[in-house]
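Here are the chains, one letter per residue:
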Amino acid sequence: MTTHELRQAYLRFFEERGHAIVPSASLVPDNDPTTLFTGSGMQPMVPYLLGEPHPLGTRIADSQKCFRSQDIEEVGDNRHTTFFEMLGNWSLGDYFKREQISWMFAFLTERVGLDPARLYVTVFRGSPARGIPRDEESVGYWQAAFATASIDAKAVDFPERDGMGEGRIFYYDERKNWWSRAGVPENMPVGEPGGPDTEMFWDFGPERELHQASVWKDEPCHVNCDCGRFLEIGNNVFMEYVRASDGFAKLPQQNVDFGGGLERLAAALADDPDVFCIDAFDGPRAVVESLSRLKYGKHAEHTRTFRIILDHLRAAVFLIGDGVFPSNKDQGYFVRRLIRRAVRCAAKLGIQEPVGASVGEAVVETYAVAYPSLSEGRARIAAELSQEEEKFRRSLEKGEREFEKMLAVSERVTGEQAFVLYTTYGFPLELTEEMVQEKGYAIDKEAFQAEFRKHQELSRSGSEQKFAGGLADHSAETTRLHTATHLLNQALRAVLGPHVFQRGSNITRERLRFDFSHPEKLTSEQLAAVEDWVNDIIRRDLPVHYEILGLDEAKARGAIGVFDDKYAQLGDKIKVYFVGDVAAGTYASSEVCGGPHVERTGELGGFKIAKEEAVAAGIRRIKAVLVSIA
Ligand code: SER
């Protein structure tokens, strides 16, 4: 099976079991101010896990594009990538442990053909202090599943001094077998869902262990160590808890949240622990090989460099495909960093020619069938990659010489110098850090970065802050601003005309930010008219409700919003929020949206535009706040 076939096999398997198959959401989450990227399959599902009805029912499956910026520095070993596809299936208060475990076992062993003797699993050992039981129930289902393959699956506690022994199923504590977006239970903010999980591992065999380490941190190897023998291929989260102010409460429904790395599954199936050897990397890898005249895997000293190029350019292609262009801010900064680091790595392999567009083209080619929008965006993707590469190449050599000089003079690079390298030669801070380390100099990361920031305006973009939580925010403040955003969208159309379309939206607890198409600066009269329009709706205290509609009906009822191929593929069912009087049948706003929203517009208080500015040709930006009215 190719990686592509594996993805389709998974989706088909769950479709046969009553799941609606949904397309991947964008790598850039909508209306979620707390995280820059979609980093797990469940992220777009949060409202539904918390209890909002999903328009397509209670069984959903997909393959979600994910980007984990926090893994950039891990890339280079045989398993980490920043971009990956996560296969996911969800029960939204429908089936639970029994079905999930027996299906997973059947999918992996029967449908995909993995040898059950080389599968291992972990389960949650329970937390008496939190009142969360040891997951013996899951163990029972796993044992029944393994028994169908004549395997006597013994369950044991871990860690144990003598290694894995006879165990097939291992109990771990909440550091390993609990999942929430915030990690362990104590890091979860109130309102965040999570639960115990059971994870599945593929055993590449003890002989692999010897290639890297036969012990891991002075302990015998086990499924969760990092020696390379075992690879986690999937995680079944039994999401039935929510963090309350005093401990944990049960969610209104028992959910299943499964996530499995497609690339890792492909590596297990190929029985090769190097994910960069799966067929999905064949095309791009061949391009790097031909440009560098080096064979991947033949020269140990280049393996890491090859992997960084392959990972980073693939991620950049998908990010650009989702509309993120290289820049100095927010998401764009990551695309810049990925491309520039890949370009420097290419230079290390002795590649003189441009590398971005040709590797990028091979990535697009590989994924064109699964992601048609990539192939539609092909020209744009190639252009962005080339431009960014060209900009950086022009200064790369000079910058490296300057860097050498700095080191020669004082055997260190200061934050201030790093800032010069960034502004004059385009070296992202993290690249400079890496270069210092490559030269064998230690770096006090924090002091260095702090000094860099002193010199840098762009830290104001707040990207650091956005990584802290990684949580979708459903607080009252953001919910109110979310409803205000819908009203603003309608108000702009009413005042300026129907050429106005949403081009971006970002909401924090303090303000909304809305980008829209409009060719010129708004006059103060227009701004006042927009504010008045919104405040009038607020004063009328209109009810807000949603309906799940067919695409045609939604359009017929005047719903605005993003009717892209994403919705077209959603089995024709979408969720539309209406503001206004149902009985009268006329609405102040109707918009395609996942929610949540307030119940009545009166809850918004008062609406005030704080700023209006240009963001790009033909695109304006409004920042607005809600104020309380005496
Ligand atoms: N949310 C879990 C994970 O990301 C399973 O989908 O691992």
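Just above, that's the structure.
Rules used throughout
Residues numbered from 1 in each chain as written. Predicted model: local features only at pLDDT ≥ 70, side-chain atom pairs only at ≥ 80, totals over all residues. Heavy atoms only, no water. Helix = DSSP H or I, 4+ residues; strand = E, 2+ residues; numbered from the N terminus. Contact = heavy atoms within 4.5 Å. Buried < 20%, exposed > 50% of the residue type's maximum accessible area, 1.4 Å probe, protein only. Near = heavy atom within 4 Å. Polar contact = N/O pair within 3.5 Å; in protein donor to acceptor, adjacent residues only side chain to side chain. Areas by Shrake-Rupley, 256 points an atom, 1.4 Å probe, with all protein chains shown as cover. Phe/Tyr/Trp six-rings, centres within 6.5 Å; stacked < 30°, edge-to-face > 60°. Core = buried A, V, L, I, M, F, W, Y, C linked by side-chain atoms within 4.5 Å. Pairing = 2+ DSSP bridges. Axes fitted to C-alpha atoms, helices over the stretch in contact; angles between N-to-C directions.

(A) Region of interest: the environment of Leu431. Summarising the element assignment, Leu431 is placed in helix α14 (residues 429-438). Residues Leu431 and Arg337 lie 94 residues apart in sequence; the distance between their C-alpha atoms is 7.8 Å. Residues in contact with Leu431, not counting those within four places in the same chain, are Arg341, Arg344 and Phe392.

(B) Examining the environment of Ala315 more closely. Assignment of secondary structure puts Ala315 in helix α8 (residues 300-321). According to the relative accessible area criterion, Ala315 is buried, its value standing at 1%. Residues Ala315 and Asp30 lie 285 residues apart in sequence; the distance between their C-alpha atoms is 19 Å. If near-sequence neighbours (up to four positions away) are discounted, Ala315 is found in contact with Phe67, Thr82, Phe83 and Leu338.

(C) Quick look at the side chain of Arg337. In this structure, Arg337 sits in helix α9 (residues 330-348). On the accessibility criterion, Arg337 (12% relative accessible area) is buried. Dropping the residues within four chain positions of it, Arg337 is found in contact with Ile72, Glu73, Pro428 and Glu430.

(D) Representation of the site of the ligand within the structure. Neighbouring the ligand are Ser40, Met42, Arg68, Met86, Trp179, Asn235, Val237, Asp257, Phe258 and Gly259. Separating an oxygen atom of the ligand from a side-chain N or O atom of Asn235 is a distance of 3.4 Å. One of the backbone N or O atoms of Gly259 is found 3.0 Å from an oxygen atom in the ligand. Burial of the ligand by the protein chains amounts to 95% of its free accessible area of 230 Å².

(E) Molecular detail of the packing of aromatic side chains. In this structure the tally under the stated criterion is 30 aromatic pairs. Ring geometry for Phe14 and Trp103: centres 6.1 Å apart, planes at 80°, overall edge-to-face. Note that Phe14 is positioned in helix α1 (residues 3-16) and Trp103 in helix α3 (residues 97-111), a separation of 89 residues in sequence. We classify Phe14 as buried; its relative accessible area is 0%. Note on Trp103: relative accessible area 14%, which makes it buried. Centroid distance Tyr546 to Tyr577: 5.4 Å. Interplanar angle 55°. Geometry classified as tilted. Of this pair, Tyr546 sits in strand β15 (residues 544-550) while Tyr577 sits in strand β16 (residues 573-581), placing them 31 residues apart in sequence. A residue is classified by how much of its surface remains accessible, and Tyr577, at 5% relative accessible area, is buried. By the ring-pair criterion, three or more aromatic residues cluster together here, those being Tyr10, Phe13, Phe14, Tyr95, Trp103, Phe107 and Phe258.

(F) Up close: the nonpolar core. By size, the foremost hydrophobic cluster in this structure holds 112 residues, and its most contacted members are Leu114, Trp142 and Ile233. No other element matches the 11 residues that α8 contributes to this core. Grouped together as the second largest cluster of nonpolar side chains are 30 residues, Leu487, Ala588, Phe607 and Ala624 included.

(G) Fine view of the sheet that holds strand β17 (residues 586-592). Strand order in the open sheet formed by three strands is β15-β16-β17, with antiparallel pairing between adjacent strands. Sheet topology places β15 and β17 at the edges, where each strand pairs with a single neighbour. Averaged over all pairs of adjacent strands, the angle between strand axes in this sheet comes to 30°, irrespective of strand direction. In the sheet, β16 pairs with β17 via six bridges, with the strands oriented antiparallel. Of the residues in β17, the one forming a bridge with Val576 is Val592. Its contacts with the sheet put helix α17 (residues 476-496) on β15, β16 and β17, and the angle it makes with β17 is roughly 110°.

These figures come from the coordinates and say nothing about function on their own.
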